[in-house]
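Residue-level structure breakdown
Here is what each chain is made of, one letter per residue.
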Amino acid sequence: YTAKDGADMILESCGRDLSIVNLSQGTAVALPAVPDQQQLGSAKVSPSGNYIAYAVQSGNYDDEKGKVVIAPVDGSAAPTMIMSGNGVIYEVLAWVNEETLLVQESPTSNEPTRIISVRRDGSAMQVIVTNAKFLAKQPDGVIDFYVVGE
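Just so we're clear, the structure is a prediction, and the values are computed from it rather than from any experiment.

Digging into the overall build of the protein
The helix and strand tally for the protein stands at 0 helices and 13 strands. Going from the N terminus to the C terminus, the protein shows its helices and strands as β-β-β-β-β-β-β-β-β-β-β-β-β. Burial statistics for the protein: of 150 residues in total, 40% are counted as buried. Counting every atom, the protein has about 7,900 Å² of accessible surface; 49% of that belongs to carbon and sulfur.

The following block contains the structure:
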């Protein structure tokens, strides 16, 4: 992605570690792990390039404790957990705008998958649809997903 100052940046993930690398300066910011962080993924950078949201899993499918975490890309503050749940796996799907994310919550049980809208501070959590799969966020901002039949 391109940072707000025009620098080319990449996200580097290795197991439980996440770094934001500034290719222009050759520097990296390592984000500290959160409790139970064994795996992470689906990292998405906010439209302004100021924040990163990503999913954290414990890696124990039978006793999963999924989380969604937000952190400033410059490492100026520790990551903040905005969602958590026992027996669920999260995937950060997209930033709707600078303040709102779409997250897919997939229970490890036979419960339906949900797509949830949540604000960057963890407030205003709202289930958008159940039994859905995310497809893509189009350049014009339209979010595509499909509902799985019962």
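Focus: the pairing of strand β2 (residues 17–22)
Taken across its 6 residues, β2 has 5 buried, putting it largely inside the fold. As defined by bridge partners, β2 adjoins strand β3 (residues 27–31) across 5 bridges and the pair is classed as antiparallel. What sits directly across from Leu18, in β3, is Leu31. In textbook terms, the turn of a hairpin is the stretch between consecutive antiparallel strands, and for β2 and β3 this stretch comprises 4 residues, one of which, Gly26, has a positive phi near 70°.

Overview of the nonpolar core
Formed by 14 residues in total, the largest nonpolar core has its most connected members in Val68, Ile82, Met83, Tyr90, Leu101 and Val103. When residues of this core are traced back to their parent elements, those giving at least two are β5 (51–57), β6 (65–72), β7 (80–86), β8 (88–95), β9 (100–107) and β10 (114–119). The greatest single-element share of this core, amounting to 4 residues, is contributed by β8. Setting aside anything within four residues of it in sequence, one finds Ile82 in contact with Val68, Ile70, Leu101, Val118, Arg119, Arg120, Asp121, Gly122 and Met125. Core analysis: the next-biggest nonpolar cluster, separate from the first, contains 11 residues, Leu31, Leu40, Ile52 and Val73 among them.

Quick look at the environment of Pro107
In this structure, Pro107 sits in strand β9. Judged by its relative accessible area of 17%, Pro107 falls in the buried class. Sequence spacing of Pro107 and Gly66 is 41 residues, and the spatial spacing of their C-alpha atoms is 9.5 Å.

Looking at the sheet that holds β9
Strand order in the open sheet formed by 4 strands is β8-β9-β10-β11, and the pairing between neighbours is antiparallel. With one partner strand each, in any of the chains shown, β8 and β11 (126–130) form the two edges of the open sheet. When the angles between neighbouring strand axes are averaged without regard to direction, this sheet yields 25°. Pairing analysis gives 7 bridges linking β8 to β9, with the strands arranged antiparallel. Bridging from a neighbouring strand, Trp95 pairs with Leu101 of β9.

A few points about the pattern of salt bridges
Overall, the coordinates contain 4 salt bridges when judged by the stated rule. Across the pair Arg120 and Glu99 runs a salt bridge, and its minimum N-O distance is 3.1 Å. Here the residue Arg120 occupies a position in the loop between β10 and β11, and Glu99 occupies one in the loop between β8 and β9, the gap between them amounting to 21 residues. One salt bridge in this structure joins Arg114 and Glu105, with 2.8 Å as the shortest N-O distance.

Re the sheet that holds β6
Strand order in the open sheet formed by 4 strands is β4-β5-β6-β7, with antiparallel pairing between adjacent strands. At either end of the open sheet lies a strand with only one pairing partner, and these are β4 (39–45) and β7. Taking each pair of neighbouring strands and ignoring which way they run, the sheet shows an average axis angle of 15°. With 6 bridges joining them, β6 and β7 adopt antiparallel strand pairing.

Rules behind the numbers
Residues numbered from 1 in each chain as written. Predicted model: local features only at pLDDT ≥ 70, side-chain atom pairs only at ≥ 80, totals over all residues. Heavy atoms only, no water. Helix = DSSP H or I, 4+ residues; strand = E, 2+ residues; numbered from the N terminus. Buried < 20%, exposed > 50% of the residue type's maximum accessible area, 1.4 Å probe, protein only. Areas by Shrake-Rupley, 256 points an atom, 1.4 Å probe, with all protein chains shown as cover. Pairing = 2+ DSSP bridges. Core = buried A, V, L, I, M, F, W, Y, C linked by side-chain atoms within 4.5 Å. Contact = heavy atoms within 4.5 Å. Axes fitted to C-alpha atoms, helices over the stretch in contact; angles between N-to-C directions. Salt bridge = Lys/Arg side-chain N within 4 Å of Asp/Glu carboxyl O.

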